[in-house]
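# Analysis of the macromolecular model
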Amino acid sequence: MQAAFSLNSNELNINFVNSIKEMFQGKNIEIVITDGVDEKYEREKSILDATLNDYLQNGSKNFTVMSDEFWEDTEKRLIQRHRVS
């Protein structure tokens, strides 16, 4: 059995502890506490790792190269899109 809780440290009280004791009666449990920052870092790192691996396997196939030509084309598109008639 597994349970996950996300709460503010101010919400911790004896009722919370008692509810955990009731859920896992007589079982050995493991409690891991994080402040959420580590989880966010791991998610972002995972995304960056996947992006890097994609680049290493496929080169610039799935990426836009930000060359001078890219910026010139972007400028032209923006001017055309926002031109006042």
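Scroll up a little and you will see the structure.
Below or above, wherever it landed, is the structure these notes cover. (Residues numbered from 1 in each chain as written. Predicted model: local features only at pLDDT ≥ 70, side-chain atom pairs only at ≥ 80, totals over all residues. Heavy atoms only, no water.)

### Examining the overall build of the chain
- Check the secondary structure of the chain and you find 3 helices and 0 strands.
- Each helix (α) and strand (β) of the chain, taken in turn from the N terminus, gives the series α-α-α.
- By the compact-globule yardstick of 12 Å for 85 residues, the chain is too spread out, its C-alpha radius of gyration being 25 Å.
- If one aligns the C-alpha atoms of the chain with their principal axes, the spans along those axes are about 70 × 40 × 20 Å.
- In the chain, which comprises 85 residues, the share counted as buried stands at 5%.
- By element, 51% of the accessible surface of the chain is carried by carbon and sulfur atoms, the whole surface being about 8400 Å².
- When the 10 positive and 15 negative side-chain charges of the chain are each reduced to one mean point, those points stand 6 Å apart. (Helix = DSSP H or I, 4+ residues; strand = E, 2+ residues; numbered from the N terminus. Rg over C-alpha atoms; globule rule 2.2 N^0.38 Å. Buried < 20%, exposed > 50% of the residue type's maximum accessible area, 1.4 Å probe, protein only. Areas by Shrake-Rupley, 256 points an atom, 1.4 Å probe, with all protein chains shown as cover. Lys, Arg positive; Asp, Glu negative; His and termini not counted. Charge placed at Lys NZ, Arg CZ, Asp CG, Glu CD.)

### Some words on helix H2 (residues 37-58)
- Taking 1.5 Å as the rise per residue, H2 with 22 residues should run 32 Å; its terminal C-alpha atoms sit 31 Å apart, in good agreement.
- Directly beyond the C-terminal end of H2, a positive phi value near 65° is found at Gly59. (Expected span 1.5 Å × (residues − 1).)

### Points about the packing of aromatic side chains
- All chains considered together, the criterion is met by 3 aromatic pairs.
- Arranged with centres 5.0 Å apart and planes meeting at 80°, the rings of Phe5 and Phe16 form a pair that is edge-to-face. Highlighted residues: Phe5 in the segment before helix H1 (14-23) and Phe16 in helix H1, separated in sequence by 11 residues.
- A ring pair is formed by Tyr55 and Phe63, whose centres lie 5.7 Å apart and whose planes are at 75°; its orientation type is edge-to-face. (Phe/Tyr/Trp six-rings, centres within 6.5 Å; stacked < 30°, edge-to-face > 60°.)

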